[in-house]
Amino acid sequence: MRSGIIYAALAFLCWGMFPIYFHALGDVPPMQILAHRMLWSLGFLLIVLLLRRQWKWLNVVRQPRVFFSFVLSALLLSANWLVYIWSVTNHHVIEASLGYFINPLVNIMLGYLILKERLRAVQWVAIAIAALGVAWLTWQTGTVPWIALFLAFSFGSYGLLRKTAALGALEGLSFETIVLFPLAAAYVIWLTVNGQNVFINTDSDTTRVLLVMAGPLTAIPLLLFASGARRIPLSILGLLQYLSPTLQFLLGVWLFKEAFTADRLVGFALIWSALILFAGEGLLRRPPAPVKR
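Residues numbered from 1 in each chain as written. Predicted model: local features only at pLDDT ≥ 70, side-chain atom pairs only at ≥ 80, totals over all residues. Heavy atoms only, no water.

Engineer: Would you mind showing me how to read the overall build of the protein chain here?
Structural biologist: Scanning the protein chain from terminus to terminus reveals 13 helices and zero strands. Starting at the N terminus and ending at the C terminus, the protein chain contains elements arranged as α-α-α-α-α-α-α-α-α-α-α-α-α. Taken over C-alpha atoms, the radius of gyration comes to 20 Å for the protein chain, in line with the 19 Å a tight globule of 293 residues would show. Over its C-alpha atoms, taken along the principal directions, the protein chain stretches across nearly 55 × 50 × 40 Å. Counting every position in the protein chain, which comprises 293 residues, the buried fraction comes to 47%. Of the roughly 14700 Å² of accessible surface on the protein chain, a fraction of 69% belongs to carbon and sulfur atoms. Separation between the mean location of the 21 positive side-chain charges and that of the 10 negative ones in the protein chain comes to 18 Å. (Helix = DSSP H or I, 4+ residues; strand = E, 2+ residues; numbered from the N terminus. Rg over C-alpha atoms; globule rule 2.2 N^0.38 Å. Buried < 20%, exposed > 50% of the residue type's maximum accessible area, 1.4 Å probe, protein only. Areas by Shrake-Rupley, 256 points an atom, 1.4 Å probe, with all protein chains shown as cover. Lys, Arg positive; Asp, Glu negative; His and termini not counted. Charge placed at Lys NZ, Arg CZ, Asp CG, Glu CD.)

Engineer: Can you walk me through the packing of aromatic side chains in this structure?
Structural biologist: All chains considered together, the criterion is met by 26 aromatic pairs. A cation over a ring is seen here: R37 above W81, with NZ or CZ 4.4 Å from the ring centre. (Phe/Tyr/Trp six-rings, centres within 6.5 Å; stacked < 30°, edge-to-face > 60°. Lys NZ or Arg CZ within 6 Å of the ring centre and 35° of its normal.)

Engineer: Could you clarify how one ought to interpret the UniProt feature "domain: EamA" (unreviewed entry) in the protein chain in this entry?
Structural biologist: The positions that UniProt labels "domain: EamA" (unreviewed entry) are, in the present scheme, residues 3–138. Split by type, residues 3–138 is 80% helix and 0% strand. Its first and last C-alpha atoms lie 39 Å apart. (UniProt positions renumbered as here; feature names shortened; annotations may be inferred.)

Engineer: What's the story with the nonpolar core in this structure? I'm lost.
Structural biologist: The tendency in soluble globular proteins is for nonpolar side chains to be buried as a group. Judged by nonpolar contacts, the single largest core of 59 residues is most densely connected at W15, F22, Y84, L173 and F225. For this core, the leading source of residues is helix α10 (residues 205–229), giving 10 residues. For W15, the contacting residues outside a window of four places in its chain are Y84, F155, P221, L222, F225, S244 and Q248. Core analysis: the next-biggest nonpolar cluster, separate from the first, contains 25 residues, A126, V134, A274 and L275 among them. (Core = buried A, V, L, I, M, F, W, Y, C linked by side-chain atoms within 4.5 Å. Contact = heavy atoms within 4.5 Å.)

Engineer: Teacher, can you tell me more about the environment of G195 here?
Structural biologist: Relative to the helices and strands, G195 is located in the loop between α8 (169–193) and α9 (198–201). Along the backbone, G195 and L50 are 145 residues apart, and their C-alpha atoms lie at a distance of 34 Å.

Engineer: Looking at this structure, how should I read unusual backbone geometry?
Structural biologist: Generally, phi is negative for residues other than glycine and the peptide bonds are trans, each holding for most cases. Its identity as a non-glycine residue notwithstanding, R53 has a phi of 50 degrees, on the positive side. With respect to the helices, strands and loops of the structure, R53 is situated in the loop between α3 (30–52) and α4 (64–89). Unlike most non-glycine residues, H91 shows phi in positive territory, near 65 degrees. On the secondary structure map, H91 appears in the loop between α4 and α5 (93–113).

What follows is the structure in structure tokens.
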């Protein structure tokens, strides 16, 4: 449990700082950033696997159930990456952070619906308050906050699949990137043939280095998250996830100067209240630590 909490907390801290990285790549189209994340992540993971001589898991993925579950998780992961990259590079960091504020409550609902985890009355109230906050934001802006909802549900579903996965953190992420590699490689080849590959055409060595760094910067937090998710309940995972959107929100408001009106504050305040209610109730119900003698 303790190691799981540490792994998950480190993953969420890394993700919380991601807007700084993607803003530095603001001149690169989101689809190209996504393709490089896939390619360089696989390269990084293969080096790790070679060093650890960890290949026996390849026999496990031959099972149809395991194979298709990881194909689904890979598609969910890539869709989440693309929408997040697009939102950050198009100045929607605050709305992206909203998605990850909502995500812990999505984890609770998935735990209830899929894993048959029991929900207490206070948890139902927290979910209802958060839904009211989303409804308020929809009414005020005239559109559903689709970025936030998509990020919340796609990553919540990915977390559920990884929690119940047959492979460990390193092996599972490696296979997901193997699944995505042909798509990414084909796209990069097409870009190169048509003279649109930023990695080749740019005059900035910094841009190239940042694109290559997409590998370890993507793989390390996901490995930490997958390791943590397998060790702790979804409810605790949801509590720790507040770290990432809080950092993203603060960066959006203070560093990137995105608009945050009083109307939006009301919606966010409702969702924050739901999270505080949920977290507070969980802490109060936590059994006291045994006294050491």
